[in-house]
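Topology and contacts: notes
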Amino acid sequence: MEKIFNRLQRAIWKKFTETLFEGTEMVISADQVVDNLELMFSEMHGGKAGETGLSLYVIWLALGGPAFHYATAVQRRRAFEKKLQNRRIDLFQDFARIRGIIYAGYYGHWLGGVEGSEADNASNPVLNSIGYTLPTLRGNRAGAPEDPEVGEQVKADLPDSAFVDRNIIADDVEVIIIGSGAGGGVAAANLAASGYKCLIVEAGAHFPCSKITTHEKIMSSNLYRDGAIQTTRNRDIIVFQGQVVGGSPVINNGIALRVKQDGLIHEKAEDVLAAWSRLGAPVSPAALTKSYEYIEKRLGIAPIAPRLGVRNGNHLIRGWNAYKQESDNPLDHEAPLRWFSKNWGEYGSDRACVSAGYCNTGCPYGRKNAPPETWLADAVAGDNEQPARILPEAQVEQILWGERNITGERIARGVEILFRDGTKKTISASKGIVVAAGTIASSNILDASGIEGTGKGISLNIACPVPALMGSEQRAWDEDQMATYVDRADFLIESHFQPPMSMSTLVPGWFDEHFQRMRNYNRLASAGVLFPADRLGRLKKGKLDLSLDDEALWTLRRALGTLSKVHFAAGAEEVYPALLCGQTLWKGMDWEKIDTFFADAITEADDVVISSSHPHGGNAINQNPVKGVVDLDQKVYGTTNVFVTDASVMPSSIRVNAQLTTMAMADRVTNGVRIFDK
């Protein structure tokens with residue numbers, strides 16, 4: 001293992017760990033927690049380890065530096081309480097988020113090192129202390145004995161022939177596709193089918209099913225950009241983005257919702273396509289529907305079986321139905337309550353979902369129809385003399401231009417690539433470039449390439465978790481991570497649950513209180529809210545700059561209040577909203593007091609732990625080149641042969657999970673069209 005921390009940093013991490021766990025019965029030592037953190041950061045790529053190390057020094061000095069280090073346990077805890085837990089000053093609230101990293105170091109404990117198996121961890125002291133059982137050790141689930149046997153399915157993994165060595169790239173590449181996720185994967189499959197010789201360039205590494213495990217901290221470090229701790233510039237919002245061959249669909253929950261669909265989307269919700277049209281970005285509903293249908297068929301998208309949500313999924317159903325009976329709000333009574341539709345293997349097939357609960361760190365059992373199993377497989381298996389090939393671990397720095405045409409438009413001739421070892425390479429493309437690296441990366445690439453107006457009007461779907469303590473054992477982890485949802489028009493409520501490491505970062509609370517909440521892991525139920533932050537963000541020096549406005553904060557407070565009431569309606573004894581201070585709501589609180597509680601507790605985004613997995617916008621489509629970066633066919637204005645096919649082309653918030661619409665938007669402009677020969 002690479003040494004990431006120096007002696008002082010290790011000493012600081014250890015003191016912070018001892019302080020957070022003071023008074024608890026830790027089952028591993030503080031030194032083991034530090035070892036776990038060092039392994040976690042050693043697996044990350046980029047500069048996040050160094051950035052976190054600098055933040056560690058600043059936090060330590062703010063707490064007193066050497067004085068904190070040699071203080072008594074009681075004094076250290078008081079310093080944490082005063083300056084981190086209860087200080088409502090932005091800088092100190094940012095510092096307080098270090099707790100989540102330390103909890104990840106404890107609850108992400110794994111035996112056997114990087115290569116440790118689930119069998120090796122049958123005696124894992126941390127997992128055993130909270131009553132958690134790893135998937136292959138569970139046997140048949142109570143309530144769903146018909147579940148398929150948990151086992152690895154590798155037959156859908158991409159073959160070695162799908163990849164090229166960086167030193168042996170063909171000279172006759174016609175199209176370079178930057179990014180291999182939802183938008184890049186669809187574009188690659190369609191363009192390869194149209195006869196183009198494509199090279200798919202991906203910044204992340206290739207992790208087939210055979211390399212994905214249930215070792216959370218290793219998977220998080222390797223499959224996510226910045227090891228799943230990327231944030232906005234102001235550190236208010238965690239932004240989850242995949243950085244792996246296949247992109248974010250490899251580490252998402254496979255949720256597939258259209259922006260508008262009878263019975264699945266609230267009738268009073270904003271009409272997204274109508275809003276786009278008003279902004280000058282009309283997209284044909286018929287064309288988008290055609291692409292939706294094609295995507296859904298190729299991925300096998302269908303409502304999940306209720307067996308996948310027997311506990312936590314049904315908890316939301318019970319709670320919402322009980323809550324609705326007491327509500328006089330018409331939006332509540334008109335809200336669809338549904339099982340999610342997803343791109344899992346068909347029930348009864350050998351790739352049917354085994355409800356392991358590890359979707360967000362990649363499926364270790366090969367059951368997900370993500371881009372590597374579908375679009376990329378189609379692209380590399382095309383009928384061309386040279387089908388598409390994939391170049392992993394290669395980050396595009398900029399697009400390279402040739403001479404302009406007679407009308408002054410730029411003509412892309414290739415890209416400059418930076419490899420992880422620091423070396424660079426130029427690759428030529430005779431036909432053109434497709435940019436599909438995700439909202440942030442695509443905007444940065446276009447900006448570095450001299451395209452003006454990029455990185456503006458970025459939207460997020462903001463998520464915020466709310467766990468609840470139930471009166472009896474739930475074992476909510478023993479099913480699909482996200483099973484059911486309610487569309488409330490202005491926000492969604494989604495059932496969700498996470499494996500121990502990830503869940504520990506979502507469960508609020510400090511010191512022994514957090515420790516006891518995790519000891520009650522088997523009694524927890526959990527759901528989260530999802531609401532739009534529409535066009536509030538922009539890129540500034542390469543990072544996302546976004547602050548929630550008053551309207552978004554108002555929606556957040558109402559959504560969290562509603563979800564808390566739903567938990568209590570389902571029988572919760574305590575509710576733990578994701579507030580930085582870790583406050584508790586108690587059974588018996590009337591609704592007015594719950595609303596007042598959130599009005600007082602949340603005055604700014606720093607008061608609550610929020611995240612987003614759905615950044616979109618930044619390179620919006622528009623029929624007016626002054627208002628958009630790409631035209632209605634998603635070609636970059638001022639160029640002849642550069643297209644954008646990821647979520648960055650969306651001109652405003654789509655409000656629901658972005659995977660399906662990203663794929664459909666890419667499909668509508670690339671399916672059956674030789675876009676570079678128009």
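Residues numbered from 1 in each chain as written. Predicted model: local features only at pLDDT ≥ 70, side-chain atom pairs only at ≥ 80, totals over all residues. Heavy atoms only, no water.

Looking at the sheet that holds strand β2 (residues 198-201)
Reading across from one edge, β7-β2-β1-β11-β21 is the order of the 5 strands in this open sheet, with parallel pairing throughout. Among the strands making up the open sheet, the edge pair consists of β7 (389-391) and β21 (642-644). Between one strand axis and the next, the sheet turns by 20° as a mean value, whatever way the strands run. Packing of helix α9 (residues 182-193) onto the sheet brings it into contact with β1 (175-178), β2 and β11 (432-435), and relative to β1 it is tilted by some 160°. (Pairing = 2+ DSSP bridges. Helix = DSSP H or I, 4+ residues; strand = E, 2+ residues; numbered from the N terminus. Axes fitted to C-alpha atoms, helices over the stretch in contact; angles between N-to-C directions. Contact = heavy atoms within 4.5 Å.)

Comments concerning the packing of aromatic side chains
Within this structure, the stated rule accounts for 25 aromatic pairs. When the ring of F16 is compared with that of F68, the centres are 5.7 Å apart and the planes differ by 75°; the resulting orientation is edge-to-face. You can see F16 sitting in helix α1 (residues 7-20) and its partner F68 sitting in helix α4 (residues 66-69), a full 52 residues away along the chain. Note on accessibility: F16 and F68 belong to one class, buried. Both rings, one in Y132 and one in W477, keep their centres 4.8 Å apart while their planes meet at 65°; by these two values the pair is edge-to-face. Pair noted here: Y132 is in the loop between α8 (125-129) and β1 and W477 is in the loop between β12 (456-469) and β13 (484-487), with a separation of 345 residues, a long-range link. (Phe/Tyr/Trp six-rings, centres within 6.5 Å; stacked < 30°, edge-to-face > 60°. Buried < 20%, exposed > 50% of the residue type's maximum accessible area, 1.4 Å probe, protein only.)

Details of the nonpolar core
Counting residues in hydrophobic clusters, the biggest one holds 106 residues, and the most contacted among them are W13, F16, L548 and L556. Ranked by residues supplied to this core, first place goes to helix α19 (residues 550-569) with 8 residues. Within the second largest apolar cluster, 53 residues are counted, among which are A256, V259, L273 and V649. (Core = buried A, V, L, I, M, F, W, Y, C linked by side-chain atoms within 4.5 Å.)

Description of the pattern of salt bridges
Considering all chains together, one arrives at 32 salt bridges under this definition. R488 serves as the salt-bridge partner of D332, at 2.4 Å between the closest nitrogen and oxygen. Taken together, the residues D332 in helix α14 (residues 330-333) and R488 in the loop between β13 and β14 (492-495) connect sequence positions 156 residues apart. Pair check on accessibility: D332 and R488 agree, each one buried. Notably, a salt bridge pairs E393 with R420, separated by 3.3 Å at the nearest N-O pair. (Salt bridge = Lys/Arg side-chain N within 4 Å of Asp/Glu carboxyl O.)

Brief notes about the layout of surface pockets
Its boundaries defined by the atoms lining it, the second largest pocket holds a volume of some 460 Å³. In terms of lining residues, the second largest pocket is bounded by 22 residues, among which G453, P625, K627, G628 and V629 are the most central. (1 Å grid on protein atoms, 1.4 Å probe; cavity = no way out; pocket = protein on both sides within 12 Å on 5 of 7 lines; lining within 4 Å. Points joined across faces, edges and corners; volume = space filled by probe spheres on them.)

Thoughts on helix α10 (residues 216-223)
Since there are 3.6 residues in each turn of an α-helix, residues three or four apart along the chain are aligned in direction. Buried residues dominate α10, accounting for 8 of its 8 residues. Residues E216, K217, I218, M219, S220, S221, N222 and L223 constitute the buried set of α10. Elements in contact with the buried residues of α10: α2 (30-42) and α17 (500-506).

Side note on unusual backbone geometry
The backbone of D226 sits at a positive phi, close to 55°, despite the residue not being glycine. For D226, the location among the structural elements is in the loop between α10 and β3 (237-239). Note on D226: relative accessible area 17%, which makes it buried. Phi angles above zero are rare outside glycine, and R235 is one such case at about 65°. Note that R235 resides in the loop between α10 and β3.

Digging into the environment of L54
In this structure, L54 sits in helix α3 (residues 48-62). For the pair formed by L54 and R488, sequence separation is 434 residues and the distance between their alpha carbons is 42 Å.

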